[in-house]
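A look at the structure
As a plain string of letters, each chain reads:
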Amino acid sequence: MTIYSGPVFEMARTQFGIIADHLGIPEDERARLLYPKRAITVSVPVHMDDGRTEVFQAYRVQHHLTLGPTKGGTRFSSSLHVGEVAALAIWMSWKCALAGLPYGGAKGGVACDPPALSRRELEAVSRRYMQEMIPFVGPQTDVMAPDMGTNEQVMAWFMDTYSMHHGHAVSEIVTGKPVSLGGTEGRREATGRGVAYLASRACDAIGIRSQDSTAVVQGFGNVGSVSAYTLARRHGVRIVGVSDHTAALYDPAGLPLDAVERHVAEHGVLAGFTNQMGIAPDDLLTRPCDILVPAAVERVITAENAGKLRCRILAEGANGPTTPDADAVLEQRSDEVFVIPDILCNSGGVIVSYFEWVQDLQQLFWSESEVNDRLERLLEGAFTQVTRRAAAERVSMRTAGMSIGVEKVRAGKQLRGLFP
Ligand code: NAD
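Now for a quick tour of the structure. Every value quoted in this text rests on a predicted model; they were computed, and no experiment measured them.

**Re the overall build of the protein chain**
Broken down by element type, the protein chain carries 14 helices and 11 strands. Taken along its principal axes, the extent of the C-alpha atoms in the protein chain is 55 × 55 × 45 Å. Sorting the 420 residues of the protein chain into buried and exposed places 59% on the buried side. By sequence separation, contacts in the protein chain at least 24 residues apart represent 70% of the contacts at least 6 residues apart. Summed over its atoms, the accessible surface of the protein chain is roughly 17,100 Å², and 50% of this surface lies on carbon and sulfur atoms.

In structure tokens, the structure reads:
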């Protein structure tokens, strides 16, 4: 037992064990690679609108500082646990290393339910969280970003709180900020755009045309909605299913995506769109489609449903959507299902966050087309490396991608040595 014990951390640990075995990493090196450098837990007291004081539990986990500052999102979710945060930080490390970014992984968050908070309460939670984290973060130490339940406005409050403390604007403390505060063009869309780009590359790899393909997207937040409309508008894919935590829609003839987007912009959720296309949310993942994009929460593809997936490409927009047991099933089905693992598939977000940090440090800003061109170049390089390695070593795409990431972190630790 460690403070991290829990199902999501177990998943990150099991995945790492498989890679460590594959790479022949000695037992006594493994703990140093796996366990986080720091885990910070704080209480966040907030005056609520009804006069009560509520105390929220909050975390920041920094996995390793071997290759540069840590980097990672901030999740506001009522069920948040430090083990989940640690797992997400570990996955960020492998993801950054695979993409060649000079970062270790981090993740943080507050155990709260954002839709249940007023705007004033959300601002108070955000500011007090950043205030508590000031001793532990910084542009050269740990750079925050959005994740589930947080957005550009929350990043603006984080940046303002940190900047007020330092007496001048420190835009490089967070990424995913509004462009007017030093955010970058293209960050909001970066993760979904990357998911769609890689899904179309996977179509090329297995010899199907994206224009003739269909897709199902689970989750209709930042990643899911942008993945859906980029797949549709840029790559000509027909979107046949979408879901969020309130509803699931499926229509083999194709969903009216513009109308769905307008409904979500107005109401915040899919519920209430139309009953005619509604299906049970659990059924969505196993409906027939060419491209399946889980873009919501962890552990939705399990040993129970992995054998029933009827997609050709599994494009993992979410972090950790597939359990190791499900991976074992999918490895048996590798001729039928091409997996783009999360650390590759959703890396567009951290890649453009890196671009944002670089632009802030230099105070020299790029056009959206420059951002997107550079994004596609890095994604293409990572995709090529992973597919080649998977073929050369006859391993899954996940094993290939994680092996590249773990090897880079390990090499950095070996070269720097162990202090003192
Ligand atoms: P978000 O808060 O914008 O959206 C989450 C969506 O998932 C919402 O539509 C919500 O209703 C839906 N959802 C929640 N539980 C669900 C369930 N059980 N079934 C179906 N839908 C459900 O979050 P996001 O930023 O889009 O992040 C989604 C996933 O992508 C997370 O795993 C996150 O870690 C990962 N990710 C995000 C980014 C980014 O840049 N935002 C980058 C990399 C990875």
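From this point on, the discussion continues.
**Topic: the pairing of strand 3 (residues 70-76)**
Counting buried residues along strand 3, seven of its seven residues qualify, which places the element largely inside the surrounding structure. Examined bridge by bridge, strand 3 and strand 4 (residues 104-110) share five bridges and lie parallel to one another. Following the sheet pairing, Lys-71 is matched in strand 4 by Gly-105. For the crossover that starts at strand 3, traverses helix 3 (residues 82-99) and ends in the parallel strand 4, the hand is right-handed.

**Examining the site of the ligand**
What surrounds the ligand is a group of 22 residues, the closest being Asp-147, Thr-191, Val-223, His-245 and Asn-319. Between the ligand and the protein, one listed contact pairs an oxygen atom with a side-chain N or O atom of His-245 at 2.5 Å. At a separation of 2.8 Å, an oxygen atom of the ligand approaches a polar side-chain atom of Asn-319. Here the ligand has 830 Å² of accessible area as a free molecule, and 82% of this is covered by the chains. Contributions of two or more residues to the shell around the ligand are made by helix 6 (187-206) and helix 7 (222-235).

**Observations concerning the environment of Ser-200**
Relative to the helices and strands, Ser-200 is located in helix 6. Distance in space between the C-alpha atoms of Ser-200 and Arg-188 is 20 Å, their sequence separation being 12 residues.

**Regarding the pattern of salt bridges**
If charged atoms from side chains of opposite charge come close, those side chains can pair. The tally for this structure, following the rule as stated, stands at 32 salt bridges. The shortest N-O distance in the salt bridge between Arg-233 and Glu-261 comes to 2.4 Å. Separated by 28 residues along the polypeptide, Arg-233 in helix 7 and Glu-261 in helix 8 (residues 257-267) bring together distant segments of the chain. Salt-bridge contacts for Asp-327 lead to Arg-398; the nearest nitrogen and oxygen are separated by 2.6 Å. Of the two residues, Asp-327 sits in helix 10 (residues 324-332) while Arg-398 sits in helix 14 (residues 397-416), which places them 71 residues apart along the sequence. Taking relative accessible area as the criterion, Arg-398 reaches 7% and is therefore assigned buried. Through salt bridges that share partners, Arg-75, Glu-84, Lys-107, Asp-147 and Glu-298 make up one connected network.

**A few points about a positive patch on the surface**
A contiguous patch of positive charge on the surface is contributed by Arg-32, Lys-37, Arg-38 and Arg-416. Among the structural elements, Arg-32 can be located in helix 2 (residues 27-34).

**Brief notes about the sheet that holds strand 11 (residues 338-340)**
Read across the open sheet, the six strands follow the order 8-7-6-9-10-11; overall the sheet is mixed. Each of the sheet's edge strands pairs with one partner strand only, and the pair in question is strand 8 (248-250) and strand 11. This sheet shows a mean twist of 15° between the axes of neighbouring strands, independent of strand direction. Note that strand 7 (residues 238-243) and strand 8 share three bridges and pair antiparallel. From the neighbouring strand, Gly-241 faces strand 8, where its bridge partner is Tyr-250.

**Notes on unusual backbone geometry**
Residues Phe-419 and Pro-420 are joined by a peptide bond in cis, for which omega reads 0°. Tracing the sequence through the fold places Pro-420 in the segment after helix 14. Despite not being glycine, Arg-394 has its phi angle at roughly 55°, a positive value. You can see Arg-394 is positioned in the loop between helix 13 (368-393) and helix 14. By relative accessible area, which is 77% here, Arg-394 ends up exposed.

**Considerations on the side chain of Ser-171**
In this fold, Ser-171 is placed in the loop between helix 5 (152-166) and helix 6. For Ser-171, a relative accessible area of 8% gives the class buried. Excluding anything up to four places from it in sequence, Ser-171 contacts Met-159, Lys-177, Leu-181, Asp-360 and Gln-363.

Rules behind the numbers
Residue indices begin from 1 for each chain and proceed along its sequence in written order. Local features in this predicted model are restricted to residues whose pLDDT is 70 or higher, and side-chain atom pairs enter the listing and the counts only when it is 80 or higher, whereas totals over whole chains, interfaces and linings include all residues. Values shown for side chains rest on all heavy atoms present in the structure; no hydrogens or waters enter the calculation. Put simply, DSSP H or I for four residues or longer makes a helix, DSSP E for two residues or longer makes a strand, and each gets a number counted from the N terminus. We call a residue buried when its accessible area falls under 20% of the maximum for its residue type, exposed when it is over 50%, and partly exposed in between, using a 1.4 Å probe and counting protein chains only. Residue contacts are counted whenever heavy atoms from the two residues lie within 4.5 Å of one another. Working definition of accessibility: Shrake-Rupley area with a 1.4 Å probe, residue cover restricted to the visible protein chains. Only when DSSP finds a minimum of two bridges between them are two strands counted as paired. Every crossover in which the path from the first strand over the helix to the second runs clockwise, viewed with the strands pointing away from the viewer, is termed right-handed. When at least one non-hydrogen atom of a residue lies within 4 Å of a molecule or strand, that residue is treated as near it. Under the rule applied, a polar contact is a pair of N or O atoms within 3.5 Å (in protein, one hydrogen donor and one hydrogen acceptor; residues adjacent in sequence only if both atoms are side-chain atoms). The salt bridge criterion pairs a side-chain nitrogen of Lys or Arg with a carboxyl oxygen of Asp or Glu, the two atoms within 4 Å. Patches draw on residues past 30% relative accessible area with no salt bridge. Two like charges within 9 Å are joined, as are two nonpolar side chains (Val, Leu, Ile, Met, Phe, Trp, Tyr) within 5 Å. Neither His nor the chain termini are counted; the positive set is Lys and Arg, and the negative set is Asp and Glu. Taken as the charge location is NZ of Lys, CZ of Arg, CG of Asp or CD of Glu. Angles shown run from 0 to 180 degrees and are taken between the N-to-C directions of axes, each axis being a line fitted to C-alpha atoms and, for helices, limited to the stretch in contact.

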